[in-house]
Amino acid sequence: MISQPVRTRTDACAEPLCTAYDTALLDLDGVVYIGGAAVGHAADALAGAKARGMRLAYVTNNASRPAATVAGQLTAMGVPAEPADVITSAQAVARLVAEAVPPGARVLVVGGEGLYGPLRERGLVVVESADDEPAAVVQGHGGPAMPWGRLMEAAFAVQRGVPWFASNADLTIPTPRGIAPGNGAALEVVRLATGAVPRVAGKPQPPMHRETVIRTGARRPLVVGDRLDTDIEGAYNGGVDALLVLTGVTGPAELLAAGPRHRPAYVAADLRALADGQPEVAMAGGYAGPVARCGGWSASVRAAEPELRLDGEGQPLDGLRALCAAAWTYAGEGSCGLDPGKALARLGL
């Protein structure tokens, strides 16, 4: 894990992000698509970024489907993608397991078919019972049809001391009908039964970043995501910049309250931001404390009576960037506990 300075504002970028960075490490759920539909403007924005020389890598914590299946779904949405462009947490956890157990070892798999291929590619033998003497348990998202009995098999094996690995620990996933339980919720079932803690490969843990860099050869990657606790923290742990898009789980209020590990370098409404630069946020001293300015907006926190204030007019995202700088400067290494409601109401966000 790379030590990072405390970020107190978003960064400026004078050139388009798609030329300033060689590879976009794109989350899928909430960034490129939600459920079975592409996020607005995503397909055209990604095609444009690729045409300008940016490599696109689709990095997903969802281990339930093979990379080829994911690439096919993306292509059907008009998103440019080949199977080699898709990096899943199943691939990352398969590398972890292969490094920890003997060649040809048996592995108890609990999850979707996307886990099976990467494990077999590493020469491991997939089994489905705790009585098959597995050398490891690997758990990933199995979807709504996964039987409860699979979680029981994982618990039985882990109770016997078998090492436990997880593709990812996302507690929730976005769907067209709302927020649904993710693999992290299923991990909690096994943890409560065993008291054990799995070794996790997916974002925000470093193995996912390592797998992506190995497979893409990225030299200056940009993580693009919608979640602070996986995408942005994963970028922080890997020592790379991140772009937060507001098309998925994270909203403006959560962004303003973010602690140091969850503060992105850039923020945008959607993937069209890849074609643009990012404006500077300037800091200046005010009579009541620091003032952040971006575009036509200025934001501050009154020291005598702590309150996020926003003045001016202009593009709403510039106002949000100014508010982030004021809130993060006020919070320092903590999390800003101020109510942003009045300030955000001015932006319509």
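The following refers to the structure shown. Being a predicted model, the structure only gives us computed values, none of them experimental.

## A look at helix α9 (residues 228–238)
- The element α9 is largely enclosed, with a buried count of ten among its eleven residues.
- Those residues of α9 that sit buried are L228, T230, D231, I232, E233, G234, A235, Y236, N237 and G238.
- On its buried face, α9 is in contact with α8 (206–216), β13 (221–225), β14 (241–245) and α10 (252–256).
- Two residues or fewer past α9, G239 is found with a positive phi of approximately 75°.

## Thoughts on the nonpolar core
- Counting 59 residues, the largest nonpolar core has V97, L320 and L323 as its most contacted members.
- For this core, the element with the highest residue contribution is helix α11 (residues 316–331), accounting for ten residues.

## Looking at the pairing of strand β4 (residues 55–60)
- Taken across its six residues, β4 has five buried, putting it largely inside the fold.
- Both strand β1 (residues 23–26) and β4 contribute to a ladder of four bridges, which runs parallel. Residue pairing across strands places T23 opposite R55, the latter belonging to β4.
- Looking at chain direction, β4 and strand β5 (residues 86–88) are connected through three bridges and run parallel. Across the sheet, Y58 pairs through a bridge with V86, a residue of β5.

## Re the packing of helix α4 (residues 89–100) against α8
- Where α4 meets α8, the closest approach of the two axes is 9 Å, and the angle between their N-to-C directions is 100°. Taken as axis vectors, α4 and α8 run roughly perpendicular relative to one another. Along the contact surface, α4 presents S89, Q91, A92, R95, L96 and E99, while α8 presents P207, M208, R210, E211, I214 and R215.
- Here the contact of α4 with α8 is built from residues that sort into five nonpolar, two polar and five charged.

## Section: the packing of helix α6 (residues 148–159) against helix α7 (residues 183–194)
- Relative to each other, α6 and α7 sit at 40°, their axes nearing to 9 Å. As summarised for this structure, α6 and α7 are arranged oblique, according to the angle between their axes. Both α6 and α7 take part in a crossing whose hand is right-handed. Residues W148, L151, A154, A155, V158 and Q159 of α6 form the contact with α7, whose own contacting residues are A186, V189, V190, A193 and T194.
- Here the residues of the contact of α6 with α7 sort into nine nonpolar, two polar and no charged.

## Some remarks on the environment of G285
- Structurally, G285 is set in strand β16 (residues 282–286).
- Taking the C-alpha atoms as reference points, G285 and S300, 15 residues apart in sequence, are found 9.7 Å from one another.

## Looking at helix α2 (residues 42–51)
- Within the sequence span of α2, burial applies to A42, A43, A45, L46 and A49. Along the long axis of α2, the arc covered by the buried residues comes to 165°, so they all point the same way. The exposed set on the far side of α2, more than 90 degrees from its buried face, consists of D44 and A51.
- Remark: G53 follows α2 within two positions and exhibits a positive phi of approximately 105°.

## Re unusual backbone geometry
- Here K203 and P204 are connected by a cis peptide whose omega angle stands at 10°.
- Following the sequence through the fold, P204 ends up in the loop between β12 (199–200) and α8.
- Notably, H41 is not glycine yet its phi reads approximately 75°, a positive angle.
- With respect to the helices, strands and loops of the structure, H41 is situated in the loop between β3 (37–38) and α2.
- Its identity is not glycine, yet E133 carries a phi of approximately 55°, on the positive side.
- Relative to the assigned elements, E133 resides in the loop between β7 (125–127) and β8 (136–139).

## Considerations on the side chain of Q278
- Structurally, Q278 is set in the loop between β15 (266–268) and β16.
- Apart from residues no more than four positions distant in its own chain, Q278 is found in contact with D11, A12, C13, L17, Y266, V267, A268, A273 and R321.

## Section: a nonpolar patch on the surface
- Side chains of W148, M152 and F156 sit close together on the surface and give an oily, nonpolar patch of about 320 Å² of accessible area.
- Following the sequence through the fold, M152 ends up in helix α6.

## Describing the environment of V200
- The topology assignment puts V200 in strand β12.
- Along the backbone, V200 and S167 are 33 residues apart, and their C-alpha atoms lie at a distance of 5.9 Å.
- What V200 contacts, discounting residues up to four positions off in sequence, is L96, A166, S167, N168, A169, Q205 and P207.

Rules and cut-offs
- Residues numbered from 1 in each chain as written.
- Predicted model: local features only at pLDDT ≥ 70, side-chain atom pairs only at ≥ 80, totals over all residues.
- Heavy atoms only, no water.
- Buried < 20%, exposed > 50% of the residue type's maximum accessible area, 1.4 Å probe, protein only.
- Helix = DSSP H or I, 4+ residues; strand = E, 2+ residues; numbered from the N terminus.
- Contact = heavy atoms within 4.5 Å.
- Core = buried A, V, L, I, M, F, W, Y, C linked by side-chain atoms within 4.5 Å.
- Pairing = 2+ DSSP bridges.
- Axes fitted to C-alpha atoms, helices over the stretch in contact; angles between N-to-C directions.
- Parallel < 35°, antiparallel > 145°, perpendicular 65-115°, else oblique.
- Nonpolar A, V, L, I, M, F, W, Y, C, P; charged D, E, K, R; others polar.
- Left-handed = near helix turned anticlockwise from the far one by under 90°.
- Arc of directions from axis to C-beta.
- Patch = residues over 30% accessible without salt bridge, like charges linked within 9 Å, V, L, I, M, F, W, Y side chains within 5 Å.
- Areas by Shrake-Rupley, 256 points an atom, 1.4 Å probe, with all protein chains shown as cover.
- Salt bridge = Lys/Arg side-chain N within 4 Å of Asp/Glu carboxyl O.

Any link to function would need more than the numbers given here.
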